[in-house]
Amino acid sequence: MPGLCHDALTRSVVPVPPCERALHTVEAEPFFRIPDNAMVPEGAVFDRHDNLLFVDAASGRVLRLTPQKQLSIVLPENTLGASGLAVHKDGRLFIASVGDMHRGSVRAINPDGTTTQIIVAPEAGFLANDLVFDNRGGFYFTDSRGSSAEPKGGVFYVSPDYRSVVPVLPGLAVGNGVAICPDSTSPDGTLLWTTEHGKNRLHRLRLADATTIAPFGSVVAYSFTGPAPDGARVDREGNVYVAITGQGRVLVFNRNGLPVGQIVLPERDRGHNLKSTSLAIRPGSDEMFIVASGGSEPGGATIFRSGAFAPAPLPYSHQ
């Protein structure tokens, strides 16, 4: 009697969808094991001193890993929480937080963890997930409100003086990752990329100015299959790297939103390292670092390393 039979692909806990199996694929290597199995690392970025910074979404901590692999805590456990991180040109760290899933915020701290300034207050009602600076000193952040059936989130812009919060792309079902392509990497002008976690989509926005999408400039560039997209980063060529949480891999797109490659994490087929939430490319280098944990599965939290297609551009925050 004809019947279904498993092969190596279908036996995987997270098989790569058929349409993505032919992509150029590399496996990342373990770089640093985080000595805390309960940690949920997110929001990976580099500071101006070549340190890798990231947050622990489980506790709200901010951590720093030096080039010599010395790990330290910048900000201890706190009640405001943390989910995304960006570095201001003056060195301050801006932290996005979904809070307790009712009252999120964006706040700034000094590099040593002192002096908190609330930029977007919890009373504003956003669930701030991630953020990125532009060349004016303002920043975009994603709002993770809503669900697949109730798209209440979006992308918002905070002015350089922090006095206004303007919707750029409202109506998203759980806005998540956000990345910006500087003008120098995009012939079309400034491009803003964002992931929509609740509907498994990657949005490509061509901006006319900081808060206005150019005519016909908003498209859904890609629809994902399975567990959903999370953090996003760009390289100097304008390629976009999207971490897929729940799949233990990073999918890479060119400037037009077409998939061109992927990085998979070790032992993902066995259910390990699946919560791949964020990544950072070292400025001026093609070294990419992916932060991941096992989620509900065993395996703890690990930082993985791989090569990117191209070096990272010099971030606006470094100018």
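The written sequence of each chain sets the order in which its residues are numbered from 1. Whole-chain, interface and lining totals are the exception, using all residues; otherwise, since this is a predicted model, local features are given only for residues with pLDDT of at least 70 and side-chain atom pairs are given and counted only at 80 or more. To obtain the side-chain values, all non-hydrogen atoms of the structure were included, while hydrogens and water were left out.

Enquirer: Please provide a residue-by-residue account of the packing of aromatic side chains, values included.
Expert: The description of an aromatic ring pair rests on the distance of the ring centres and on the angle between the ring planes. Each Phe, Tyr or Trp ring, with Trp reduced to its six-membered ring, pairs with another whose centre is within 6.5 Å; inter-plane angles below 30 degrees give stacked pairs, above 60 give edge-to-face pairs, and intermediate values give tilted ones. Counted under the stated rule, the structure contains 14 aromatic pairs. Seen from their ring centres, Phe94 and Phe133 are 5.0 Å apart, and the 80° between their planes marks the pair as edge-to-face. Of this pair, Phe94 sits in strand 8 (residues 93-97) while Phe133 is found in strand 11 (residues 128-133), placing the two residues 39 residues apart along the sequence. When the ring of Phe133 is compared with that of Phe139, the centres are 5.8 Å apart and the planes differ by 70°; the resulting orientation is edge-to-face. Three exposure classes are used, based on accessible area relative to the maximum for each residue type with a 1.4 Å probe and protein chains only: buried under 20%, partly exposed in between, and exposed over 50%. Overall, the relative accessible area of 6% leaves Phe133 in the buried class. Clustering of aromatic rings is evident, with ring pairs tying together Phe94, Phe126, Phe133, Phe139, Phe141, Phe156 and Tyr162. One cation-aromatic arrangement involves Lys69 over Phe31; the distance from NZ or CZ to the ring centre is 4.3 Å. Strands are runs of DSSP state E lasting at least 2 residues, helices are runs of H or I lasting at least 4, and numbering of each runs from the N terminus. For a lysine, the NZ atom is tested; for an arginine, the CZ atom; a charge sits over a ring if that atom is within 6 Å of the ring centre and within 35 degrees of the ring normal.

Enquirer: How would you sum up the sheet that holds strand 11? Please name residues and give values.
Expert: The pairing of strands in a sheet comes from backbone hydrogen bonds and takes either a parallel or an antiparallel form. Strand order in the open sheet formed by 4 strands is 11-12-13-14, with antiparallel pairing between adjacent strands. Taken across any chain shown, the strands that pair with only one partner, and hence form the sheet edges, are strand 11 and strand 14 (165-172). Strand-to-strand twist in this sheet, taken as the mean axis angle between neighbours without regard to direction, amounts to 20°. The pairing criterion is simple: DSSP has to find at least two bridges between the two strands. Summarising the sheet, strand 12 (residues 139-143) and strand 13 (residues 153-158) pair through 5 bridges and their orientation is antiparallel. Bridge pairing links Tyr140 to Tyr157 in strand 13. Between the N-to-C directions of two axes lies an angle of 0 to 180 degrees, each axis being a line fitted to C-alpha atoms and, for a helix, fitted only over the stretch in contact.

Enquirer: Please provide a residue-by-residue account of the environment of Ala280, values included.
Expert: Relative to the helices and strands, Ala280 resides in strand 23 (residues 275-281). Of the residues examined, Ala280 reaches a relative accessible area of 3% and is grouped as buried. The contact definition used throughout considers only heavy atoms, calling two residues in contact when any of these lie within 4.5 Å. Other than its neighbours up to four places away in sequence, Ala280 contacts Ala44, Val45, Phe46, Leu52, Arg233, Glu287, Met288 and Phe289.

Enquirer: With reference to specific residues and values, describe the environment of Arg107.
Expert: Among the secondary structure elements, Arg107 is positioned in strand 9 (residues 105-109). In this structure the C-alpha to C-alpha distance between Arg107 and Thr142, which are 35 residues apart in sequence, comes to 14 Å. In the analysis that follows, any N or O atom pair within 3.5 Å is treated as a polar contact, provided that within protein one partner can donate a hydrogen and the other can accept it, and provided that, for residues neighboring in sequence, both atoms belong to side chains. Here Gly81 takes part through its backbone oxygen, which lies 3.0 Å from a polar atom of the side chain of Arg107.

Enquirer: I'd like to hear about the pattern of salt bridges, residue by residue, with values.
Expert: In the sections that follow, a salt bridge refers to a side-chain nitrogen of Lys or Arg positioned within 4 Å of a carboxyl oxygen of Asp or Glu. Under the defined criterion, the tally for this structure stands at 14 salt bridges. Across the salt bridge formed by Arg92 and Asp90, the nearest N and O atoms sit 2.9 Å from each other. With a relative accessible area of 42%, Asp90 lands in the partly exposed category. For Arg268, the salt bridge goes to Asp269, with nearest N and O atoms at 3.5 Å.

Enquirer: Describe empty space enclosed by the protein, and please don't skip the residues or the numbers.
Expert: A pocket, in this scheme, is an open set of points on a 1 Å grid over the protein atoms alone with protein on both sides within 12 Å along at least 5 of 7 lines, while a cavity is a set where a 1.4 Å probe fits but cannot get out; residues line either one if an atom lies within 4 Å of a point. Grid points are joined across faces, edges and corners, and a volume is the space filled by probe spheres set on the points. Tallied over the entire structure, the rule returns 2 cavities of 30 Å³ or more. What the second largest cavity holds in volume is close to 40 Å³. Contributions of two or more residues to the lining of the second largest cavity are made by strand 3 (41-46), strand 11, strand 19 (229-234) and strand 23. Three residue categories are used. Nonpolar comprises Ala, Val, Leu, Ile, Met, Phe, Trp, Tyr, Cys and Pro, charged comprises Asp, Glu, Lys and Arg, and polar comprises the others, including Gly. When the residues that make up the lining of the second largest cavity are grouped by side-chain class, the tally is no nonpolar, 7 polar and 3 charged.

Enquirer: An account of the sheet that holds strand 19 is requested, with residue identities and associated values reported.
Expert: Across the sheet, 5 strands lie side by side as 1-22-21-20-19; this open sheet has mixed pairing. A single partner strand is all that each edge strand has here, and the edge strands are strand 1 (24-27) and strand 19. The average undirected angle you get between the axes of adjacent strands in this sheet is 20°. Pairing analysis gives 4 bridges linking strand 19 to strand 20 (residues 240-244), with the strands arranged antiparallel. Residue Pro229 lies in a different strand from strand 20, and its bridge partner there is Ile244.

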